[in-house]
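An overview of the molecular structure
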Amino acid sequence: MFERLALIGVGLIGSSIAHRVRREGLAKEIVAHARSRETRDTVLRLGIADRVTDTAAMAVTGADLVILCTPVGAFAAVAAEIGPHLMQGAIVSDVGSVKQAVIDDVGPYIPPGVHLIPGHPVAGTENSGPESGFAELFDGRWCIITPPEGADADAADRLVRFWQTLGSKTEVMDARHHDLVLAITSHVPHLIAYNIVGTAADLETVTQSEVIKFSAGGFRDFTRIAASDPTMWRDIFLNNKEAVLEMLGRFTEDLTALQRAIRWGDGDTLFNLFTRTRAIRREVIDAGQETPAPDFGRSHGKG
Ligand code: NAP
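Residues numbered from 1 in each chain as written. Predicted model: local features only at pLDDT ≥ 70, side-chain atom pairs only at ≥ 80, totals over all residues. Heavy atoms only, no water.

Glancing now at the site of the ligand. Near the ligand there are 27 residues, and of these Arg35, Ser36, Thr39, Thr70 and Ser97 occur at the shortest range. Separating an oxygen atom of the ligand from a backbone N or O atom of Val10 is a distance of 2.8 Å. Within the contact set of the ligand, an oxygen atom lies 2.8 Å away from a backbone nitrogen or oxygen of Gly129. Look at the ligand: alone it shows 900 Å² of surface, and the protein chains cover 87% of it. Judged by the proximity of its atoms to the pocket grid, the ligand belongs to the second largest pocket. Put simply, the parts of the chain that give the shell around the ligand at least two residues each are helix H1 (12-24) and strand E7 (119-121). Among the residues making up the shell around the ligand, the classes are represented as 12 nonpolar, 13 polar and 2 charged. (Near = heavy atom within 4 Å. Polar contact = N/O pair within 3.5 Å; in protein donor to acceptor, adjacent residues only side chain to side chain. Areas by Shrake-Rupley, 256 points an atom, 1.4 Å probe, with all protein chains shown as cover. 1 Å grid on protein atoms, 1.4 Å probe; cavity = no way out; pocket = protein on both sides within 12 Å on 5 of 7 lines; lining within 4 Å. Sits in = over half its atoms within 2 Å of the grid points. Helix = DSSP H or I, 4+ residues; strand = E, 2+ residues; numbered from the N terminus. Nonpolar A, V, L, I, M, F, W, Y, C, P; charged D, E, K, R; others polar.)

So, in structure tokens, the structure goes:
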């Protein structure tokens, strides 16, 4: 499908792409660049790239598909570096968890004749680094492709087919809409998890050892999400500010209504909400996003 794939950043997502591209024979050559020597050495040892380069510019030279797989906060600097070295006709994509910021940050560095087609595989685990990747990560998961206005339709189609061959279901969406959808399905839930685990850690009347001892009551499910990579999630909140603040506004309004229902002993309000939310859980299971089996999916399916 491609002559040369360049991966900039080879952590969980980058290495999973490399594993699968290798397995499917989707590129004649895989060239990878990572920031640290340690990661570059690991990539060579794992044998998931044909070549590893010291700079991002060297990696993209002659590549017909370039995928940025670093945290979103690094995209602008990477784009500035690779811009002058991109090959005519190449597709530049990414795997970032926010999409409008990618168009804003990377777009200005893409020369005419090179196609920027951002993407977001909604798949992941709480592990990071090149050794955490595996070829099946994207199987049955959604990958959202967000071509900017006026993007080349053939390039977008090629990227869609690429992700389908990696095992993903694909959907094409406007970048701003993607950011709103992911704000409520992923970003705000992560913020809530970070917050509740932080609140519990700061309590004085309940000890930390009690929190940990009795965590099976619900808390432990939040700790899984709150263990997600700090750099990646800092960058997501800084780069999806508007959509997250919009959804947080709605969330805090609804939370205040629940607080009021509890204060006034309004059991009907609580019962009705909990009944509606239970039905949503059923829909998530029916859509194949989760199974009712305990512990299933604890290490897959977020991001
Ligand atoms: P990761 O495992 O932490 O790997 C990040 C990679 O980027 C590493 O190779 C790292 O190199 C490199 N890197 C970090 N900062 C850099 C910088 N300033 N300049 C150049 N390279 C840099 O991350 P990941 O989980 O694969 O996530 C990568 C991207 O995928 C993020 O944009 C994230 O939003 C998106 N994503 C993640 C998930 C998920 O669940 N993890 C899901 C969907 C999308 P070193 O190892 O040398 O530091």
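Within the open sheet, the 6 strands sit side by side as E3-E2-E1-E4-E5-E6. Their pairing is parallel. Unpaired on one side and paired on the other, strand E3 (51-53) and strand E6 (115-116) mark the two borders of the sheet. Across 2 bridges, strand E5 (residues 91-94) lies against E6 in parallel orientation. Its bridge partner lying in E6, Val92 is registered against Leu116. Along the sheet, H1 contacts strand E1 (2-8), strand E2 (27-33) and strand E4 (65-68); its crossing angle with E1, the most-contacted strand, is approximately 160°. Sheet contacts for helix H4 (residues 75-82): E1, E4 and E5; angle to E4, the most-contacted strand, approximately 155°. (Pairing = 2+ DSSP bridges. Contact = heavy atoms within 4.5 Å. Axes fitted to C-alpha atoms, helices over the stretch in contact; angles between N-to-C directions.)

Moving on, we come to helix H6 (residues 153-165). Counted at 1.5 Å a residue, the expected span for H6 with its 13 residues is 18 Å, and the 18 Å between its end C-alpha atoms agrees. Measuring from the side-chain oxygen of the N-cap residue of H6 to the backbone nitrogen of Asp154 gives 3.3 Å; that N-cap residue is Asp152. (Expected span 1.5 Å × (residues − 1).)

On to the environment of Gln88. Here Gln88 shows up in the loop between H4 and E5. For Gln88, a relative accessible area of 57% gives the class exposed. Along the sequence, Gln88 and His115 sit 27 residues apart, while their C-alpha atoms lie 8.8 Å from each other. With near-sequence residues (within four places) excluded, Gln88 lies in contact with Pro112, Gly113 and Val114. Here Pro112 takes part through its backbone oxygen, which lies 2.9 Å from a polar atom of the side chain of Gln88. (Buried < 20%, exposed > 50% of the residue type's maximum accessible area, 1.4 Å probe, protein only.)

Counting 35 residues, the largest nonpolar core has Leu5, Ile17, Val21, Ile67, Phe162 and Trp163 as the members making the most contacts within it. Of all the elements, H6 adds the most residues to this core, at 6 residues. Ignoring any residue separated from it by four or fewer positions in sequence, one finds Leu5 in contact with Ile17, Val21, Ala27, Glu29, Ile30, Val31, Leu65 and Ile67. Grouped together as the second largest cluster of nonpolar side chains are 32 residues, Ala56, Ala59, Ile110 and Leu116 included. (Core = buried A, V, L, I, M, F, W, Y, C linked by side-chain atoms within 4.5 Å.)

As a further point, take the pairing of strand E9 (residues 169-172). Of the strand pairs in this sheet, strand E8 (residues 142-145) and E9 are connected by 4 bridges, and their pairing is parallel. Residue pairing in the sheet places Ile144 in a bridge with Glu171 of E9. In terms of handedness, the path from E8 via H6 over to E9 forms a crossover that is right-handed. (Right-handed = clockwise from strand over helix to strand, strands pointing away.)

Now for the domain arrangement of the protein. Assigned domains of the protein: these are domain 1 (2-173) and domain 2 (177-264). Domain 1 and domain 2 are separated by 29 Å when their C-alpha centres are compared. Each partner contributes residues to the interface: domain 1 has 16 residues there, and domain 2 has 14 residues. For the pairing of domain 1 and domain 2, the buried interface totals around 1,200 Å² over both sides, and the portion due to carbon and sulfur atoms is 65%. Inspection of the region where domain 1 meets domain 2 yields 0 salt bridges. For the pair domain 1 and domain 2, the number of links is 5 residue pairs in polar contact (both at pLDDT 80 or more). The biggest single contributor to the side of domain 1 that touches domain 2 is helix H5 (residues 100-106), with 3 residues. Looking at the side of domain 1 that touches domain 2, its residues break down into 7 nonpolar, 6 polar and 3 charged. (Domains from an automatic or database assignment. Buried area = accessible area lost by both parts, 1.4 Å probe. Salt bridge = Lys/Arg side-chain N within 4 Å of Asp/Glu carboxyl O.)

Turning next to the side chain of Asp64. With respect to the helices and strands, the residue Asp64 is situated in the loop between helix H3 (56-60) and E4. Although buried, Asp64 forms no salt bridge, and the nearest oppositely charged side chain, Arg158, lies 4.7 Å from it. Polar side-chain contacts of Asp64 include one of 2.9 Å to the backbone nitrogen of Glu3. Setting aside residues up to four positions removed in sequence, Asp64 forms contacts with Phe2, Glu3, Arg4, Met87, Ala90 and Ile91. (Lys, Arg positive; Asp, Glu negative; His and termini not counted.)

Orientation of helix H7 (residues 175-202) relative to helix H9 (residues 219-226), taken along the N-to-C sense of each, is 115°, at an axis distance of 8 Å. Our pair here, H7 against H9, has a crossing hand that is left-handed. Between H7, through His190, Ile192, Ala193, Tyr194, Ile196, Val197 and Ala200, and H9, the contact on the second element is made entirely by Phe219, Phe222, Thr223, Ile225 and Ala226. Residues of the contact of H7 with H9, tallied by class, amount to 10 nonpolar, 2 polar and no charged. (Left-handed = near helix turned anticlockwise from the far one by under 90°.)

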